[in-house]
Amino acid sequence: MFYLGTVTGASGAYSNQTTGGSGGLPFSLPTGLRELYLAPQQSGILFELSGASYATTAARSAQLNFAPAGGGVINGPYRVPPGGNPTVMVYSTQGLVSVRIYAGGPR
């Protein structure tokens, strides 16, 4: 597993690795990537993986687990949709949030 980048976004909005979110730096997902791990900094974070869309909503995305006492938890692996340029999107319900994104497997 290796670190790819961080997606940061504000409450009530989505962000992804392309938009860079609220101060986050854009990064790309490697070609042929099959799985991702996500590490949220707090609760109230939803996510979606897509091969076509660059936006998500609170209704469509899924909840990430969080363990506050442990400073967060690694969630995954999540399968990356085949084809195109995959996108990982997060949606916050609890203010400014960050999610660290990791790729599974060797570099």
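Heads up: the structure comes first, above all this text.
Small disclaimer: the values here were computed from a predicted structure and weren't measured.

1. Digging into the sheet that holds strand E1 (residues 2-9)
Overall, antiparallel pairing links the four strands, which are arranged E1-E8-E3-E6 in an open sheet. Two strands close off the open sheet at either side, each with one partner strand: E1 and strand E6 (75-79). Adjacent strand axes in the sheet meet at a mean angle of 30°, parallel and antiparallel pairs treated alike. Here seven bridges tie E1 to strand E8 (residues 97-103), and the two strands are oriented antiparallel to one another.

2. What to know about the nonpolar core
Judged by nonpolar contacts, the single largest core of 19 residues is most densely connected at Leu4, Leu33, Leu36, Leu38, Val88, Val99 and Ile101. For this core, the elements supplying multiple residues, two or more each, are E1, strand E3 (35-40), strand E4 (45-50), strand E7 (87-92) and E8. Residue contributions to this core peak at four residues, all from E8. Look past the residues within four positions of Leu38 in its chain and what remains in contact with it is Phe47, Leu64, Val73, Ile74, Asn75, Tyr78, Val88, Val99, Arg100 and Ile101.

3. Comments concerning the pattern of salt bridges
As enumerated under the stated definition, the model contains one salt bridge in all. Notably, a salt bridge pairs Arg60 with Glu48, separated by 2.9 Å at the nearest N-O pair. Separated by 12 residues along the polypeptide, Arg60 in the loop between E4 and strand E5 (62-63) and Glu48 in strand E4 bring together distant segments of the chain. A relative accessible area of 46% places Arg60 in the partly exposed class. Owing to a relative accessible area of 15%, Glu48 belongs among the buried residues under this scheme.

4. Some thoughts on the packing of aromatic side chains
Here the structure, examined in full by the defined rule, presents two aromatic pairs. Relative to Tyr78, the ring of Phe47 lies with its centre 4.5 Å away and its plane at 45°, an arrangement referred to as tilted. Within this pair, whereas Phe47 is found in strand E4, its partner Tyr78 is found in strand E6, the two being separated by 31 residues in sequence.

5. Here's the deal with the side chain of Asn75
Mapped onto the elements of the fold, Asn75 is located in strand E6. Reaching out from Asn75, the side chain makes a polar contact with the backbone oxygen of Val73 at a distance of 3.1 Å. Those residues within four positions of Asn75 in sequence are excluded, and the remaining contacts are Leu36, Tyr37, Leu38, Pro40, Leu64 and Asn65.

6. Notes on the environment of Ser43
Topologically, Ser43 is positioned in the loop between E3 and E4. Residue classification places Ser43 among the partly exposed residues on the basis of a relative accessible area of 42%. Between the alpha carbons of Ser43 and Val97 there is a distance of 8.7 Å; along the sequence they are 54 residues apart. Here Ser43 is in contact with Phe66 and Gln94, once residues within four sequence places are set aside.

Scoring rules and cut-offs
Counting restarts for each chain, with residues numbered from 1 along the sequence as it is written. At least 70 in pLDDT is required for a residue's local features to be given in this predicted model, at least 80 for side-chain atom pairs to be given and counted, and no such filter applies to totals for whole chains, interfaces and linings, which use all residues. Note: side-chain values were computed over all heavy atoms of the structure, leaving out hydrogens and water. For two strands to count as paired, DSSP must find a minimum of two bridges between them. Note on conventions: DSSP H or I runs of at least 4 residues are helices, E runs of at least 2 residues are strands, and numbering of each starts at the N terminus. Only C-alpha atoms enter the line fits that serve as axes; for helices the fit covers just the stretch in contact. Angles between N-to-C directions range over 0 to 180 degrees. By nonpolar core is meant a set of buried Ala, Val, Leu, Ile, Met, Phe, Trp, Tyr and Cys residues that side-chain atoms within 4.5 Å join together. Each residue gets one of three labels from its accessible area relative to the maximum for its type: buried under 20%, exposed over 50%, partly exposed in between, using a 1.4 Å probe on protein chains only. Whether two residues are in contact is decided by their heavy atoms: any pair within 4.5 Å suffices. Any carboxyl oxygen of Asp or Glu that lies within 4 Å of a side-chain nitrogen of Lys or Arg is treated as forming a salt bridge with it. Geometry of aromatic contacts follows a simple scheme: Phe, Tyr and Trp rings, the Trp one being its six-membered ring, pair when their centres are within 6.5 Å, and the pair is stacked under 30 degrees between planes, edge-to-face over 60, tilted otherwise. N or O atoms within 3.5 Å of each other form a polar contact, as long as, within protein, one can give a hydrogen and the other can take it, and as long as residues adjacent in sequence are counted only when both atoms are side-chain atoms.

The values reported here are purely geometric and, on their own, carry no functional implication.
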